[in-house]
Structure formats: structure tokens, C-alpha cells
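Understanding the architecture of this molecule
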Amino acid sequence: MIIPHLIIRQQKKICQQLWLLCLCCLILPLLVQANPSTAKTLAKPDVRSLLKNTVSSSTFKSVGKEQLHFPDMVRRFYTKNGFVPVWTTEQKAATHSRDLLACILEASSHGLNPMYYHALALNRMVNSGDTVLPTYQLTELELLFTDAYLSLGLHYLRGKVDPSKFNSSLHPNKRSFDMVLYLTRALEDKDICHSLELLLPIHPEYEELRDILKRYQALYWEPIPAMPYDFVLTKGNSHFVVPAVRKRLQITGELKKGTITDVFDNELQQAIIDFQKSHGMYYDGRISSATINMMNVSSQHRIQQIIANLERWRWQPDDRGERYIVVNIPDYHLKLFKNEQVDYESKVIVGRDKYPTPSFTDSITYMVFNPYWNLPKSIVKNELWPEVKEDNHYLLDNDIAVFRGGKQVNPLQIDWDNVDINRYYFRQSVNAHNPMGAVKFMFPNRFSVYMHDTPYKDLFNNTRRTNSHGCIRLQNPLQFAEYLLKDQRTTWDAKRIDDVLFTQQENKVSLRKPLPINILYWTVFYNKKGIIQFREDIYQWDIEIFNALNDLPVEMNKYKAEPQ
């Protein structure tokens, strides 16, 4: 016989046990949330479980205080490999993860900041001195190393900043590229650093720039005392500024090291000429305020220019083709390359500061002899309209036709003081004042920019040739046209071109083979003699790119190139 009070006591005991169990279930999650170390002690999950839980979170964007740059790709990588750790083993960083850390630090030699790729956090954990790392740190190492590899790889491959932010439409000619798959294969091959190096630009100019960067990182010079704008010294003069000029030229190698004197001698004159040439200046061998100002550009500024140019090279396609054109905007030169050798070159004029020539790649597909000039709206509004309102015969005197709704109208019958100028468009016929000159070279693009002749030949004598509204003017366009027409099936020589020009009629000629053209912005490069060249950052794109690389605010260029 069961005694009733014993049954009641047993029931109470069971209820107490159930109550304690429920209380533990309520309190334990709170303790774990309040103290992560409690979670590690109680739960002791492995790295694989933590990886799965972490990347599966809808809010997965950071690890500790480190913001991930490509969280979606990190999630995809671990999901594809079943959340298996790849950078850690036996509760510490694997050997190849230490190799990757060294590669991340090496990013500075490419003008990239290692801190962006979690270098500080990774170095702190990898070299903490602990022989065994807790599970949560192993998980953080995994995620940060993966994000660092994916980020650095993509930046080596395509550049870190968006070219379109700098009046450019350069798009690296890389086929569809899966960095997650690339990382998987790199880990299988166990050659992490080499796999990253394979993503870098293959052009020798890129490695040359890295050498220039290394050299200028070791240089420093004090500024030379500023001189009045009309200050000039010539050979034979003595002046207190001469020793400072000598020291400055010795640092960058134009002048051999030796005795510092205040006498302006032959050796110093040649060194100044070399300096002026390598900086795109008019080289007269004189110490002027302009030359001193150029010498006073700091080594830090030069380093920033070099870093910006390295980024631009990462925007470039790997294959430039057998035959292609390069227009270097700040150098005011066009070069046509054939089998990587210069086969033709010419001076050019580019856009002024307000109308910068954009940087992009395309192909010349046709040329037009005796071209009309369709005036851009900005020129009509800001330059043409005021002239017409002053003199209503201006359009007739300059052979400019006026159109409305596709029909030509009589400009003398229009009240130019009270007209909606946007309802009309204007076209200038072939004449001595037409800024198109005798020929234009077309490579249809969204900027409406092309190359053409100009009647203002004297401008080619200037060292700074920013005189256009964005298009590129050629010094010897008919010579260039004859060169391009060599590949046509029918004969095009100077006589035939002259005959076409004599007709005064617009004549379009399609090229049998489209010719790639690259309009680029190189402010630092080697010339063919192996001498470092610096050019003026005429549009201030260098400093904007440098700031963008270092995640500093970038002032967007509000001006756009316009056709002429």
C-alpha cells in the first residue's frame, strides 16, 4: 500500500526539479549573452560551427571592429567549402596564412594601404605569442584572411577605386572572373602569394613605376627660397639661391654630387636643362621662378602622383593589341605603337581645365575630310549667342548655318534677343575658321570626343597645350590620315587626299581595320632613354585618386568634356 503523504512528497520533489531545470534554461542564455567567455566555456563550439553560425547571419558585415569589404563573397566561399577552416590548423594560424600576411604588408609597394586589408588585426592575432588561440579568434582569423585575400586580389586585378568617378570610362578587359573559385584553387596549389601576383598588370611600365615609388620614398628635399615671378638667373651669375638649387638637383640625380658653390656654371646649366625636360617644361637652362616652383614640389606630392599612376595601370587591359594608339593627356602627345614600338607620334592639344579631355579606350573606325562643325550647346550659349546678338550678320559672315526642326532657317529673320536658343542647332561649313580643320578622326563614344585638325597651328609651340573644349587636336592631321590609310584596299596617297580636300565637300572614309585608341592620363613614366618623367596634374586627378585610395573624401570633377 502506497502511503499518500509519500506520494505527495515525491510529486513535490519532481516539481522542484522541473522548476530548477526551467530556471536554468532561462538564465543560461542570458549568461552566455552577457559574457562570451561563458559561452566558450559552456558550449565549446568548434571553428567550423562558429563559421557556419557567423556567416549565416543576415547581419554578417563585420568581424569584431573590422569591417568586411566583400561579406557576400566570404559567405559564398565558406558555404561552398562546407565551412571548413582554411587559414588555421591545430588552434593556430597555418603557415600559408603567415605568407598571406606578408603579402598584405607588401601591398604598400603597389601604393595600397595594408591597413585596408586587416593587416593590423591579423598581425595582432597571428603574432600574439600564444601557441594556442581560442576558438573565437581562430574564427576571426579565418574570416579576415579570406576577406583580405578577396579584396587584395580584386584590387590587383581591377584597381581599388572606380574609374568612372574620374571622368573616365576605362574598364579592365578582364573576362568574367570568380575570385571565390580563384581562392579555392590557390589554396589547393598552396602558393598564395604567387596567385595574387598573377593578378597584377603584366605591363613593364607597372613594375617601372614600382621602382620609381621605391626610389622616391627614400628621397626628401628642403624647399628652395621662393623668388619673385620675374626672377631669372643665367649661366655666369652668382646668387645666394644657387647653392640650394645645386643641392636639390643632386638629390634627384640631375647633378653629380660635389662642391656646393653659388656660381651658375656650365654643369649646373645642363642639369637644369635635364630637369626642365624631365618635367615637361620649356628647357632654356635658366633658373627662373617657374623652375624653382617646379623643384619645390615635395617628394611626398611626387609619391602621391606615382601611387595614382599605379592605380591607373590596374585599370588597363592586359592585351593592348598588335597596333594601337596612346594619347597621353598631361604629356600632350600621341603615339602609335606597332609591336610595342613607336611607329608614329605627334603633338596634341587637349581640353582646358573647364572641359577636361576624358580618359577612355575605343577604336577609330572612320575619318571625315572637309568636316562640318556641329557647334556644342555650351559654345552656342556662352560664345556664339553673344556674338550674334551684337552682330546679326555674324553667322553669315562665318558661314554658320542655322537649323530648327531639321530645316535650315534664315538667321536674319530671327529675333536673337528674345529667342529660345535651345530650339536651334548650328553647323559651320568648311572654311578657314572652322575649328575642325581639314579632317577629323572618329571613334564614337559617350563623351562625343574625337581627334581633328585645327587652324590654330601656333598653339603647338606651347609647352602647356590645354586649349580645346575636350576634343584632341593633332599637329599634322593630314600626315596622320595618310599613315592610317596605308591599309586600305585602294590607294590613298597625298595627291588623292589633296583632290578630296579641293572639292570642299564632306567625305567620309571608313577604315578597313578599326584602330584601338587609348586616351590615358600618365603623369609619371620613363621616357625611351630611361629617364623618369613627371608631368603637371592638369585636372587634379592624381590627388583625387590618391585620396580615394586612402578612403578620403573625393571632390568630384563637375565639368564634362564637350565636342568641338
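Note that this is a predicted model, so its numbers are computed, not measured.

Calculation notes
Residues numbered from 1 in each chain as written. Predicted model: local features only at pLDDT ≥ 70, side-chain atom pairs only at ≥ 80, totals over all residues. Heavy atoms only, no water. Helix = DSSP H or I, 4+ residues; strand = E, 2+ residues; numbered from the N terminus. Polar contact = N/O pair within 3.5 Å; in protein donor to acceptor, adjacent residues only side chain to side chain. Core = buried A, V, L, I, M, F, W, Y, C linked by side-chain atoms within 4.5 Å. Buried < 20%, exposed > 50% of the residue type's maximum accessible area, 1.4 Å probe, protein only. Contact = heavy atoms within 4.5 Å. Pairing = 2+ DSSP bridges. Axes fitted to C-alpha atoms, helices over the stretch in contact; angles between N-to-C directions. Left-handed = near helix turned anticlockwise from the far one by under 90°. Nonpolar A, V, L, I, M, F, W, Y, C, P; charged D, E, K, R; others polar.

If you trace the backbone, Ser468 turns up in strand β17 (residues 466-468). A polar side-chain atom of Ser468 sits 3.1 Å from the main-chain amide nitrogen of Gly351.

Turning next to the nonpolar core. By size, the foremost hydrophobic cluster in this structure holds 79 residues, and its most contacted members are Tyr78, Trp87, Leu100, Tyr149, Tyr216 and Ile306. Ranked by residues supplied to this core, first place goes to helix α7 (residues 135-158) with twelve residues. For Leu100, the residues in contact, after removing those within four places along its chain, are Trp87, Phe145, Tyr149, Ile192 and Leu196. By size, the runner-up hydrophobic cluster in this structure holds 62 residues, among which are Ile329, Ile379, Val388 and Val449.

A few words on the environment of Phe447. In this fold, Phe447 is placed in the loop between β15 (439-442) and β16 (451-452). Along the primary structure Phe447 and Cys471 are separated by 24 residues, whereas in three dimensions their C-alpha atoms are 9.4 Å apart.

Okay, the sheet that holds strand β11 (residues 373-374) next. Ordered in space as β11-β14-β12-β13, the four strands form an open sheet in which the pairing is antiparallel. Edge positions in the open sheet fall to β11 and β13 (407-409), since each of these has one partner strand only. Taken together, the three bridges between strand β12 (residues 400-404) and β13 define a ladder with antiparallel strand orientation. Opposite Phe403, over in β13, you have Gln408 as the bridge partner.

This part takes up the packing of helix α4 (residues 71-80) against α7. Where α4 meets α7, the closest approach of the two axes is 10 Å, and the angle between their N-to-C directions is 120°. The crossing of α4 and α7 is right-handed. Residue-level contacts link Pro71, Met73, Val74, Phe77 and Tyr78 of α4 to Glu142, Leu143, Thr146, Asp147, Leu150 and Leu154 of α7. Of the residues assigned to the contact of α4 with α7, the class counts are eight nonpolar, one polar and two charged.

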